[in-house]
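Fold and contact review
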Amino acid sequence: MSHLFEHNGAKGQGYSQPAPVLPASEITLPSGLSRKALPRWPRLSEPEMVRHYTWLSKRNFGIDTGFYPLGSCTMKHNPRVNEVIAQIPGIADIHPHQPEHHLQGLLSIFHEMQYMLEVCAGMDQVTLQPVAGAQGEFTAVRCIQEYFRLRGEDQRTKVIVPDSAHGTNPASAAMCGFEIVEIPSRTDGRIDLDALRAVADDTIAVMMITNPNTLGLFEEDILEASSIVHGVGGQMYYDGANFNAILGITSPGLMGFDAVHFNLHKTFSQPHGGGGPGSGPIGVKQHLAQFLPGPLVGKRTANEDELHAAVDENWYHWYQPTHSIGKVQQWHGNAGAIIRCWAYYRRYGRGLRTMSEHAVLNANYLRHAIHKATKEAGVDSLVVDGAEAKVAKHEFTLSLAPAKEAHGISAMDVAKGLLDMGYMAPTVYFPLVVPECMMVEPTETESKDTLDTFATDFAEVLQVDAETLHAAPVTTPVRRVDEVYAARNLCLRHPYDDE
Amino acid sequence: MVDQLPNLGREAEMLAAMGMTSIEELFADIPSEVRMKGDLPLPPPQSEEEILSDARRLLGANVALGERVSFLGAGLYRNYVPASVFQLVTRGEFLTSYTPYQPEVSQGMLQAMWEFQTLISELVGLPIANLSLYDGSTAAAEALTCSVRVHTRKATQKDTVYVSELTPPDRLSVMQNYCQGAEIKIKFLRHNDDGTLDMDSVSEAIGSCGVYVEQPNPLGLLDGGVTQLKEILGEHTALIVAVQPVSLGLVEAPGHYGADIVVGEGQPLGSPITGGGPIYGIFACSKPYLRLMPGRIVGRSIDVDGNTAYCLTLSTREQHIRRHRATSNICTNETLIALMGAMHMALLGPEGLYDLAVRNMTACIMGKQKLQAVDGVHIPHSSGDHFNEFAIELPGTAKDCLEYLDSVGIVGGFDLSLWYPERTNWMLVTFTDQTQAKHIDLLIEHLSGWVSTLEVAA
Ligand SMILES: Cc1ncc(COP(=O)(O)O)c(C=O)c1O
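Now for a quick tour of the structure. (Residues numbered from 1 in each chain as written. Chains lettered and ligands numbered in written order. Predicted model: local features only at pLDDT ≥ 70, side-chain atom pairs only at ≥ 80, totals over all residues. Heavy atoms only, no water.)

Some words on the site of the ligand
Quick reminder of the rule: What makes a residue near a molecule or strand is one non-hydrogen atom of that residue sitting within 4 Å of it. Under the rule applied, a polar contact is a pair of N or O atoms within 3.5 Å (in protein, one hydrogen donor and one hydrogen acceptor; residues adjacent in sequence only if both atoms are side-chain atoms). The method behind every accessible area is Shrake-Rupley, applied with a 1.4 Å probe, and residues are considered shielded solely by the protein chains displayed. Here a helix means four or more residues in a row that DSSP labels H or I, a strand means two or more in a row labelled E, and each is numbered from the N terminus. Here the nonpolar group is Ala, Val, Leu, Ile, Met, Phe, Trp, Tyr, Cys and Pro; Asp, Glu, Lys and Arg are the charged ones; every other residue, Gly included, is treated as polar.
Near the ligand lie 15 residues; those nearest to it are Ser72(A), Gly133(A), Asp239(A), Lys266(A) and Thr332(B). The ligand sits at the junction of chains A and B, each of which supplies nearby residues. One of the side-chain N or O atoms of Lys266(A) is found 2.9 Å from an oxygen atom in the ligand. Alone, the ligand offers 390 Å² of accessible surface; in the complex the protein occludes 99% of this. Put simply, the parts of the chain that give the shell around the ligand at least two residues each are α5 (133–150) and α9 (264–267) of chain A. If you tally residues by element for the shell around the ligand, the top one is α5(A), at three residues. Class assignment for the residues of the shell around the ligand results in five nonpolar, seven polar and three charged.

Below is the structure:
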């Protein structure tokens, strides 16, 4: 066990710098502003620093390490050429305030991405500014809020979310100042239209929902839900976290939605980097377009004196929507992530549908394989589908409630057992509506062989006795971590000797 | 696209195992009314080589600042990120991991973020730091809403915060969007003609929930007056200070002069400017704010064997537990960029940070000395000390000046009329560790050249 702050040997630094342009003695500071003591940072040479972070990386599990079926997170392979592209100085070393004629390449890629997302989502206008899914939700709900304010419909103070919704949905709507109305799902996990009708009135501003829903099931009644909400003058918001299931097959626009966010770090493979960065563009129908955060990218035919800087026959330019809500990030969003996702989409082009087909194929195949393997191993009574459905979409839920009942084996125990088998565990205890839930999303980038092996190993974990599973994992860098201890004995930074 | 789809060609076999014959059966639950007709109107698929070549052509058409002499900053600062940072951060175990929900197999990132929290905590002089927000503007906005959550009960100016009138409009706009839902009133602190904060206007903020200022301020000025704010405001108003983190190699840490929350654009530590994102927002605070602060936090704990282990903690503030009562909606943040920051800080060490700050500040001093000597150019806040940048007043519009400089291959700075519309002749010129003496000489030469064209015209 070592950490960064143990490295405090040499006085020097791991990175020597060129001399300053003037001696430090030229520096003056206002009184009281001179720093008295430098931060107690560690002192490492480059080899020590490289070894420290390499050691840490070996104590971390990524998609590159192994199968990562983390439901709702779409952990697909991240092509490496995208990292190469993101280091090109024309993206890494550009400033958002440079004039348009310095940024025609960037603007043309932004324009192409706006268009691509518009046609995939069936929306009229996309902005790339929001930097994560949650920020996309917040931005779209803000736009809808302004739309209603302009129409004088101030009585619309409520946002409907199903009880199976991701936590960011209610959190984002509440941040905009809306009251949250949570409606129960049916026992099969799908939206309860009667419950929706019961709360739908002219105080509703928005309904937020994802489809396929967080159980991985397609909401077959989505058009009816849309018409109930529209019938009382509300707007429909599509949480695009599950977009990987439907590209080229259906779209939020066809389902009657007015606004949508995309999680580019899921569907379009921006690497999630252990927690971020992401990118959360939103798309809206025409009536909401004037409220989007600006600037957006437009194009017109380039004129003669612009041609030297143009990348094609067009001139790409920024413009402000007329009733813009303003900004949600100070610059132009996560431009570096947009570039990577552009490179990813270009792999498929009009064939994006194949990507979604394989995502759904893999999920259903894995669900089938798990049921088959648990049956063959005689442990099929310990696990049931989280929801009844003939087919799932890109992910599916399992409930370990029977295992819990029979042997006291929880979803968390099974998750830890899977870690010992060399896998990342599926998402556990989400959505909240499935007891002892395990949410499995293989993505399209896993081979049949990986899926087969995982299914067999899953059944093997279910055969392990409860005591052993409670003690799992045993092969990981540390064993089960005490989260209660962490919360009761808060240690949020390195305790220096004098503390 | 075969490259990314291992099961291409194995569809029939997989379907057969499920008793199906076509992919279409997997989509039987999607009603025909919502089906997309025809192909997506998009170009055909491309190979890796074709994509790379298009990327090189399109991004190559952008003007990268390294190809020019540049004095554009205004919140993002060109720096040099050591090579080992890029090499290490693209290790797949870091790059391709998700949020560390399973701590046993995520110790690497968790520990790296706990170390990041310590590095930031030491840098800004406050005990607590989270592991990043989206950027400096959202960190500032979340600091304002956090100050209201903590203080509004006892505040005499309820739901009210004060921010410097110099706050750039784009940053202010983010604050307004984040604050409007909680019906928070944003009022303004005035500045004196020399750029320093007007202390009379600070006393108007007494009894409010929070006060937001930047050090250096948006015009690069270091303001000693900020060290007196806490005494004026008292314990029931949060003092929020936004920093350029590199400046803290020379400038006192705000936590040491009473700041309750420190935020900032982390970018100058560890990240290229990347068109403004992904970068990372710093958020640090003192203990009274801990349970109402936004964002993820790593705690040091133990495993069942009593060994040191790290995990996410204090999650009961967050959206996945608290839902609409969460302190913020943030889920995905900027962890990987914060990791780059941690690596850069680790390589610099305390002395390296000092050296980096000296390089930035002396470049700015040299710029000021030389610009002061240019006829027709006036430096409005010249009596103060600046870090990275300062405003200059020109004998014509900044817009014309920037166009002229651009025509000779210089990115001259930032047109301040975009922030302050009446300041049509003001330009913000920025100097960083990447600025060399010869760059400044070139700026002086061509700026003088521009001024003389005006004189001829007049
Ligand atoms: C269903 C769903 N909605 C929203 C989000 C929030 O997205 P982000 O983490 O990008 O903010 C997520 C991601 O975790 C999700 O799974």
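Next comes the rest of the description.
Some words on the packing of helix α11 (residues 335–348) of chain A against helix α2 (residues 48–60) of chain B
Here is the rule we go by: Every axis corresponds to a line fitted to the C-alpha atoms, with the helix fit spanning only the stretch in contact, and the corresponding angles, defined between N-to-C directions, vary from 0 to 180 degrees. Orientation is classified from the angle alone, with under 35 degrees giving roughly parallel, over 145 giving roughly antiparallel, 65 to 115 giving roughly perpendicular, and any other angle giving oblique. For a crossing to be left-handed, the near helix must be turned anticlockwise from the far one by less than a right angle; the clockwise case is right-handed. Between two residues, a contact is recorded if the distance between any of their heavy atoms is within 4.5 Å.
The contact between α11(A) and α2(B) brings their axes to 10 Å, and the two run at 140°. The angle between α11(A) and α2(B) places the two elements in the oblique class. Considering the relative orientation of α11(A) and α2(B), their crossing is right-handed. Across from Ile339(A), Trp342(A), Ala343(A), Arg346(A) and Arg347(A) in α11(A), the residues of α2(B) making contact are Glu48(B), Ile51(B), Asp54(B), Ala55(B), Leu58(B) and Leu59(B). For the contact of α11(A) with α2(B), the residue count by class is seven nonpolar, no polar and four charged.

What about the layout of surface pockets?
Where we set the bar: In this analysis the probe radius is 1.4 Å and the grid spacing 1 Å, with only protein atoms considered; a cavity is a set of points the probe fits into but cannot get out of, a pocket is an open set with protein on both sides within 12 Å along at least five of seven lines, and lining residues have an atom within 4 Å of a point. Grid points are joined across faces, edges and corners, and a volume is the space filled by probe spheres set on the points.
Taken as a whole, the second largest pocket spans an internal volume of roughly 950 Å³. Surrounding the second largest pocket, 33 residues form its lining, His97(A), Gln98(A), Pro99(A), Phe414(B) and Leu418(B) being those nearest its centre. Elements that contribute at least two residues to the lining of the second largest pocket include exactly α7 (169–180), α12 (398–407), β14 (410–411) and β15 (414–415) of chain B. The dominant element in the lining of the second largest pocket, judged by the number of residues it contributes, is α12(B), at four residues. For the lining of the second largest pocket, the residue count by class is 13 nonpolar, 13 polar and seven charged.

Here we look at the sheet that holds strand β4 (residues 185–189) of chain B
Residues and elements named next belong to chain B. Put simply, the rule reads: Note on pairing: two strands pair once DSSP finds at least 2 bridges between them.
Taken in spatial order, the seven strands of this open sheet run β2-β9-β8-β7-β5-β3-β4, and their pairing is mixed. Of all the strands in the sheet, just β2 (128–129) and β4 have a single pairing partner and so form its edges. In terms of strand pairing, β2 meets strand β9 (residues 281–285) through two bridges, oriented antiparallel. Each residue of the ladder has a partner; that of Ile128, found in β9, is Cys285. Across the face of the sheet, α7 comes into contact with β3 (160–164), β4 and β5 (210–215) while running at roughly 150° to β4.

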